[in-house]
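The chain contents come next:
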Amino acid sequence: MTGTATNRSFVRLSGVGHRYDPDPATPMAVTGVDLDIQRHEFVAVVGPSGCGKSTLLRMISGLLKPTEGEVSVFGRPVDGPRDDVGIVFQKPTLLPWLNVRKNVLFPLKHKYGRYSHDDEKRAGELLEMAGLESFADKMPDELSGGMQQRVGIVRALLLNPDILLMDEPFSALDAMTREQIGFDLLRIWEENPKTVLFITHSIAEAVLLADRVLVMSKRPGTLLEMLDVDLPRPRTRHTISEPRFAELTERLRKHIYEPEAA
Amino acid sequence: MSLKQPDPKTRRLVLAAAPWLFFVALILLWELVCRAFSLPEYVLPAPSAIVDAFFKVEFSRWMTHLWATLRVALMGFLVSILVAVPIAIAMMRSELLTRTLYPLLVVIQSTPVVAVAPLIIVLMGSDDPSRVLITCLLTFFPLVVSTATGINETPPELIELSRSLDAPTRRETWQIRIPYAIPYIFTGLRVAITLAIIGAVVAEFVAAEEGLGYFIQFSTSFFRIPQAFAGLFFLAVVSLLLFKSVQWTQQIFFPWSLPKK
């Protein structure tokens with residue numbers, strides 16, 4: 001499933017860059033990113049804070065127009081927000097006035113103004129898959145941070161998107177919750193294959209979850225390195241204790257801390 | 001803090017009883033002071049004299065005055081909501097409108113309504129509409145400000161969520177921004193409801209034939225000071241009940257919007 005030439009490229013970025021300030025003298029936030037993501041590939045992006053990881057994600061989502069280059073999905077250029085993209089934000093961004101079920105259904109309610117009985121059934125199934133069925137009628141503030149973020153993920157899956165964009169989704173969680181929710185995400189992803197772009201600043205998390213890890217440089221953000229993660233799936237907590245896992249994280253660290261030597 | 005904590009039940013009881021005990025103590029002190037110094041009624045009537053005066057006035061007369069004040073206050077309050085919320089939404093949509101309107105709103109807010117009230121009465125006559133207008137002038141600014149604050153404080157992630165769904169702006173406003181502003185709006189409503197009573201009373205002070213404000217003014221001018229105090233307390237109780245009703249409305253209909261304990 002890792003980046004081979006046999007698979008048709010699903011998400012393609014060619015020479016993509018963005019500058020927030022129209023003044024050409026100001027630095028680019030992101031520049032010269034060439035990237036091909038295969039369908040149902042799980043790609044993680046790591047890099048220092050402020051390196052433009054989120055900018056990259058927002059350009060793929062269509063929320064932000066690249067000022068140079070082009071993003072295309074399945075050969076069609078991206079020129080605005082799209083149906084086939086689900087986004088999971090750093091914060092759960094649940095609506096405090098809606099219960100968990102209604103929060104999950106919110107994308108439909110918001111986009112089309114209504115949802116059907118079947119949609120409600122689907123929301124129930126998604127909640128069950130995430131182990132949240134008993135929380136469906138609870139309000140967000142009755143849930144722990146990890147539970148809230150699970151709801152955020154379930155919500156992003158409602159419209160059954162092909163692409164799941166995750167912007168440091170677990171960074172607000174404590175270490176143990178974070179590990180657990182990572183495995184849950186893998187299980188969900190294996191049951192419902194999606195193309196995932198997962199931004200994180202945890203090297204271990206990136207290696208544990210992804211098929212491929214991209215390393216971004218400091219501002220202006222550009223791709224420094226790509227690392228194929230050949231750890232077998234399904235990955236479990238035992239994966240972490242494998243020598244290959246240590247080897248790969250060490251190689252990534254080397255790319256990040258001594259980019260010249262690598 | 002003492003090492004020995006009282007048990008939580010006693011603590012709760014003390015906390016609940018404290019304001020009432022304090023209030024009763026104050027009234028008793030007042031009564032004592034009046035009796036001890038034999039203060040004349042027209043200087044400071046004793047609480048007992050005020051209670052006497054209250055019951056000397058016929059119940060139906062109280063109701064007439066209450067209804068006159070309540071009618072103006074509530075209408076002003078409602079009109080204020082109907083004007084303030086759309087203005088706040090419009091100001092969120094358009095920076096030009098914000099720039100144009102905001103200075104005017106500040107000018108209206110910083111002009112003492114008491115000074116403008118007589119002019120409004122001259123201009124519009126001494127009927128309900130002019131009193132409602134006076135009330136509105138007092139109440140709508142805090143409502144505009146609190147609503148606009150709530151709408152603008154909507155977290156950018158929620159707006160991003162809406163944009164990523166490519167939803168119409170109308171739904172962004174109604175399904176995200178307005179609900180998000182609810183706790184802010186209620187803060188404004190709590191301020192506005194007490195101001196509404198003040199507005200109605202100010203209007204009655206200028207020109208009226210009925211209402212609790214009119215009643216107080218009229219009683220004072222005839223040196224019926226205990227009766228004026230009775231009117232004042234009645235007004236305070238009504239104002240408090242209205243304030244509480246706003247809180248209850250929030251508790252019943254928008255429990256999620258209350259601050260977490």
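The structure displayed is predicted, hence computed values, not measured ones.

1. Examining the overall build of chain B
- Scanning chain B from terminus to terminus reveals 10 helices and 0 strands.
- The linear arrangement of helices and strands in chain B, starting from the amino end, is α-α-α-α-α-α-α-α-α-α.
- A compact globule built from 261 residues would reach a C-alpha radius of gyration of about 18 Å, whereas chain B, at 23 Å, exceeds it by more than 25%.
- Seen through its principal axes, chain B has C-alpha atoms that stretch 75 × 65 × 30 Å.
- Relative to its 261 residues, chain B shows a buried fraction of 33%.

2. Looking at the interface of chain A and chain B
- With 17 residues of chain A at the contact, the number on the chain B side is 16 residues.
- Per-element accounting of the side of chain A that touches chain B gives the leading share, 4 residues, to helix H2 (residues 100–112) of chain A.
- Its residues assigned to classes, the side of chain A that touches chain B comprises 8 nonpolar, 5 polar and 4 charged.

3. What to know about unusual backbone geometry
- Following Arg233 of chain A, the chain continues to Pro234 of chain A via a peptide bond in cis, the omega torsion being -5°.
- As for its position among the elements, Pro234 of chain A is in the loop between strand S10 (223–228) and helix H7 (243–257).
- For Asp166 of chain B, which is not a glycine, the phi torsion comes out positive at approximately 55°.
- Secondary-structure assignment places Asp166 of chain B in the loop between helix H7 (156–164) and helix H8 (169–206).
- Judged by C-beta crowding, with 14 C-beta atoms within 10 Å, Asp166 of chain B ranks as partly exposed.
- Phi is positive for Phe223 of chain B, close to 55°, though the residue is something other than glycine.
- Mapped onto the fold, Phe223 of chain B is located in the loop between helix H9 (212–221) and helix H10 (225–253).
- We classify Phe223 of chain B as exposed; it has 10 C-beta atoms within 10 Å.

4. A few points about the pairing of S10 of chain A
Residues and elements named next belong to chain A.
- Both strand S9 (residues 212–216) and S10 contribute to a ladder of 5 bridges, which runs antiparallel. Across the sheet, residue Arg212 finds its bridge partner in S10, namely Asp228.
- Linking S9 to S10, which pair antiparallel, is a turn of 6 residues.

5. Here we look at the sheet that holds S10 of chain A
Residue and element names in this part refer to chain A.
- Read across the sheet, 6 strands follow the order S6-S7-S8-S3-S9-S10 without closing on themselves; strand pairing throughout is mixed. Of all the strands in the sheet, just strand S6 (85–88) and S10 have a single pairing partner and so form its edges. Taken pair by pair, the neighbouring strands of this sheet meet at an average axis angle of 15°, ignoring direction.
- Sheet analysis places strand S3 (residues 42–46) next to S9, joined by 4 bridges and oriented parallel. By the bridge assignment, Ala44 is partnered in S9 with Val213.

6. Brief notes about the nonpolar core
- In terms of nonpolar packing, the biggest core is built from 70 residues, with Val43, Leu197, Phe198, Ala210 and Val213 of chain A touching the most fellow members.
- For this core, the element with the highest residue contribution is helix H4 (residues 145–157) of chain A, accounting for 6 residues.
- Judged by nonpolar contacts, the second largest core, of 57 residues, contains Phe186, Ile193, Ala200 and Val201 of chain B.

Rules used in this analysis
- Residues numbered from 1 in each chain as written.
- Chains lettered and ligands numbered in written order.
- Predicted model: local features only at pLDDT ≥ 70, side-chain atom pairs only at ≥ 80, totals over all residues.
- Helix = DSSP H or I, 4+ residues; strand = E, 2+ residues; numbered from the N terminus.
- Rg over C-alpha atoms; globule rule 2.2 N^0.38 Å.
- Buried ≥ 20, exposed ≤ 12 C-beta atoms within 10 Å, placed from the backbone.
- Contact = placed C-beta atoms within 7 Å.
- Nonpolar A, V, L, I, M, F, W, Y, C, P; charged D, E, K, R; others polar.
- Pairing = 2+ DSSP bridges.
- Axes fitted to C-alpha atoms, helices over the stretch in contact; angles between N-to-C directions.
- Core = buried A, V, L, I, M, F, W, Y, C linked by C-beta atoms within 7 Å.

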